[in-house]
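A closer look at the structure
The primary structure of each chain is shown beneath.
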Amino acid sequence: MTHSTHPHTRRSAGRGIAAGLLGFALLTAVGTAGPARAAETPQSPTPVPTLVYAASVGSDAADVYYPETGSRLPVVLLQQGANVDKSHYEGYARTVAAFGFVVVVPNHLRAVFGVPGLWASADQGLTAVAWSKAENARAGSPLAGRLDPASFALLGHSFGGAAGVATVQGQCAPPFCFGLPPGAVKPAELKAAAFFGTNNVPPGGGPVAPVNNTVPVALIQGSGDGIAAPAAAQATYEALRGTPKALVTVAGANHYGITGVQNPPGAVPDPSAQTTDQVEGIRTSARWSALFLKAALGDAFARSYVRHWGDPADPAVTVRQAY
């Protein structure tokens, strides 16, 4: 595959670093052999053990995915696509959690212009950070004393990603937020974000306004997305003013490349058929999402992978980035 050039970077790193990081970064990569490979499904695409429990995050029912071991775990809020139930993100959330994150996936019920449904909002991060602080101190919590609430990040899909684009700018505007003053939606603890199938193109088209992101942002984009077009993601990437930033195009994935099934019930179906395997699409998207977040949080191996050699080592993606 031909890969894009990366502004402000070299195209290779030392073989020793590459060899060491390969085992870490490809925890969920293509090519797991034998019985373990046969057992992997869109709901459980990684052989790395992860756990889950049900929680209430504010007024939202949520699933919380986390690794079996580790302490000072960063907290990630995954904001759902429009009317996509939280259960459809199980495999993606488990895979991100396997990289050392606690992934919180709520069902955010609210009405938008009078229409009730599962609609993410730009102020959800505030509630998630407050929950993580309380959960870290709660006696009986599976995560008591294991969380790092000061290291908070966002993931988002489609409408949820667009709500996250508002959050990283500190914007409260319909339909993603109502009634809060400028800047109030962005938690001080927010360090980075990665969004799948997301763009900031106005309804009906037109130029993309500058996106004044105050934290690193990655756009993970399926090359076959028939709802959120790749060209729209490209325009949004160019509109991002803050760096680091990345546009990771996943070959053959469509709009539902990170959900457990294609065209989840209740969601707008993608007319474009996905041409990559669902498990591989989830693993690739989750790997790049997780490693981008880890790089932003200061992990040297993750930074090396994302900036220097992950793109040429991964035939499933093409990466453009700046930092």
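Residues numbered from 1 in each chain as written. Predicted model: local features only at pLDDT ≥ 70, side-chain atom pairs only at ≥ 80, totals over all residues. Heavy atoms only, no water.

Spatially, S1-S2-S4-S3-S7-S8-S9-S10-S11 is the arrangement adopted by the nine strands of the open sheet, whose pairing is mixed. Among the strands making up the open sheet, the edge pair consists of strand S1 (50-57) and strand S11 (317-322). Recorded for the sheet is a direction-independent mean angle of 20 degrees between the axes of neighbouring strands. Inspection of the sheet shows strand S7 (residues 147-157) paired to strand S8 (residues 190-196) by six bridges, in the parallel sense. Residue pairing across strands places Ala-153 opposite Ala-192, the latter belonging to S8. Across the face of the sheet, helix H7 (residues 278-296) comes into contact with strand S3 (73-79), S7, S8, strand S9 (217-222), strand S10 (245-250) and S11 while running at roughly 160 degrees to S8. (Pairing = 2+ DSSP bridges. Helix = DSSP H or I, 4+ residues; strand = E, 2+ residues; numbered from the N terminus. Axes fitted to C-alpha atoms, helices over the stretch in contact; angles between N-to-C directions. Contact = heavy atoms within 4.5 Å.)

Right, let's talk about unusual backbone geometry for a bit. For residues that are not glycine, phi is negative in most cases, and the peptide bond is trans in most cases. Cis geometry is adopted by the peptide bond preceding Pro-175, which originates at Pro-174 and carries an omega value of 5 degrees. With respect to the helices and strands, the residue Pro-175 is situated in the loop between helix H5 (159-169) and S8. The omega torsion of the bond from Thr-243 to Pro-244 falls at 0 degrees, within 30 degrees of zero and hence cis. Tracing the chain through its elements places Pro-244 in the loop between helix H6 (230-239) and S10. Phi is positive for Asn-263, close to 50 degrees, though the residue is something other than glycine. Note that Asn-263 resides in the loop between S10 and H7.

Here the focus is the state of the cysteines. Applying the stated criterion across every chain, the model contains one disulfide. One disulfide in the model links Cys-172 with Cys-177; its S-S distance is 2.0 Å. Around the S-S axis, the bridge from Cys-172 to Cys-177 shows a dihedral of about -85 degrees and counts as left-handed. By the burial criterion, Cys-172 is buried, and Cys-177 matches it. (Disulfide = S-S within 2.5 Å. Buried < 20%, exposed > 50% of the residue type's maximum accessible area, 1.4 Å probe, protein only.)

Next up on the list: the nonpolar core. Most often, soluble globular proteins keep nonpolar side chains buried together rather than apart. Grouped together as the largest cluster of nonpolar side chains are 42 residues, with contacts concentrated most on Val-103 and Leu-293. By residue number, the principal contributor to this core is H7, which donates eight residues. In this structure, Val-103 is in contact with Asp-63, Val-64, Tyr-65, Val-76, Leu-78, Ala-93, Val-96 and Ala-97, ignoring residues within four places of it in sequence. (Core = buried A, V, L, I, M, F, W, Y, C linked by side-chain atoms within 4.5 Å.)

Let us look at the confidence of the model for the chain. Across the chain, the average pLDDT comes to 90, with 88% of residues at 70 or higher. Of the regions scoring below 50 in pLDDT, residues 25-38 engages in 28 contacts with residues more than four places distant in sequence or in other chains. (pLDDT = per-residue confidence, 0-100.)

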